[in-house]
Amino acid sequence: MRTTDKYLPSQRDTWHWTLARTEDDINDIVLMAKGFYEREVNDIFTTNTAILRKNVDIAVTEQRYTLNRQQIIIARDTTNGKLLAWSWLKRGHYTVYAPEEMADAMFLHIDLELPERTRITLCAQMIQQWILWCHLNNIPVLISSSIRQEQEAFLKLHERFGFKRNGSVCYYRTERYFDE
């Protein structure tokens, strides 16, 4: 048993995971990104809600028809349906020096008003979903990074899963998860 198995979804969770599918999912994803995370990049990029909405909508539509190109998952509260977390993983990335395909964890957003323990559990469950999705789709390398000011707990959680960390970028050979 892996030490990270304690984060697997269970009856104690007050949320459920699904693929993002609906207009409501897209709206909530955009609102969360804008409300909690826009300030992280505002001094670098000119953020535009319409551009984010368009790109999330395109990704959700593609996911609806082709499940192995990208994955946008959401966690909603089981009592009130509120969006608690979402992530976007996309395949098809390569380095200029190696033949292995990579899946890039483009976004992982969690409601920052949730208790720390809940945020950690949601994050760990997303990482587990990414690894499983990569394994099922024969993607050998998973990459995750952070641009946030407060990133240490996020990156340490990746290390617990066995990711190799270089600065704020974490790399993982997906077959390792099933070899443990």
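You'll find the structure just up there.
Reading guide: rules and limits
- Residues numbered from 1 in each chain as written.
- Predicted model: local features only at pLDDT ≥ 70, side-chain atom pairs only at ≥ 80, totals over all residues.
- Heavy atoms only, no water.
- Phe/Tyr/Trp six-rings, centres within 6.5 Å; stacked < 30°, edge-to-face > 60°.
- Helix = DSSP H or I, 4+ residues; strand = E, 2+ residues; numbered from the N terminus.
- Buried < 20%, exposed > 50% of the residue type's maximum accessible area, 1.4 Å probe, protein only.
- Pairing = 2+ DSSP bridges.
- Axes fitted to C-alpha atoms, helices over the stretch in contact; angles between N-to-C directions.
- Contact = heavy atoms within 4.5 Å.
- Polar contact = N/O pair within 3.5 Å; in protein donor to acceptor, adjacent residues only side chain to side chain.

Student: Residues and numbers for the packing of aromatic side chains, please.
Tutor: This structure, assessed with the given rule, holds three aromatic pairs. Centre to centre, the rings of W88 and F107 are 5.9 Å apart; their planes meet at 25 degrees, and the pair counts as stacked. Highlighted residues: W88 in strand β3 (residues 83-93) and F107 in strand β4 (residues 102-110), separated in sequence by 19 residues. Exposure remark for W88: the relative accessible area of 5% places this residue in the buried category. Connected via pairs of aromatic rings, a cluster forms that spans W86, W88 and F107.

Student: Can you break down the sheet that holds strand β5 (residues 141-145) residue by residue, with the values?
Tutor: What the seven strands build is an open sheet, ordered β1-β2-β3-β4-β5-β7-β6; its pairing is mixed. Each end of this open sheet is capped by a strand with a single partner; those strands are β1 (15-19) and β6 (164-166). In this sheet, neighbouring strand axes are inclined to one another by 20 degrees on average, regardless of whether the strands run parallel or antiparallel. Pairing between strand β2 (residues 70-77) and β3: seven bridges, direction antiparallel. Note that in β3 the partner of Q71 across the bridge is L89. Helix α1 (residues 23-41) contacts β1, β2, β3 and β4 of the sheet and is inclined by roughly 95 degrees relative to β3. Strands β4, β5, β6 and β7 (169-173) of the sheet are contacted by helix α4 (residues 152-160), whose axis makes an angle of about 145 degrees with β6.

Student: Account for the side chain of Q70, with residues named and values stated.
Tutor: Position of Q70 among the secondary structure elements: in strand β2. The class for Q70 is buried, based on a relative accessible area of 3%. There is a polar contact of 2.3 Å between the side chain of Q70 and the side chain of E62. A distance of 2.9 Å separates polar atoms of two side chains, one belonging to Q70 and the other to W88. Discounting chain neighbours no more than four positions away, the residues touching Q70 are A59, E62, Q63, W88, L89, K90 and W133.

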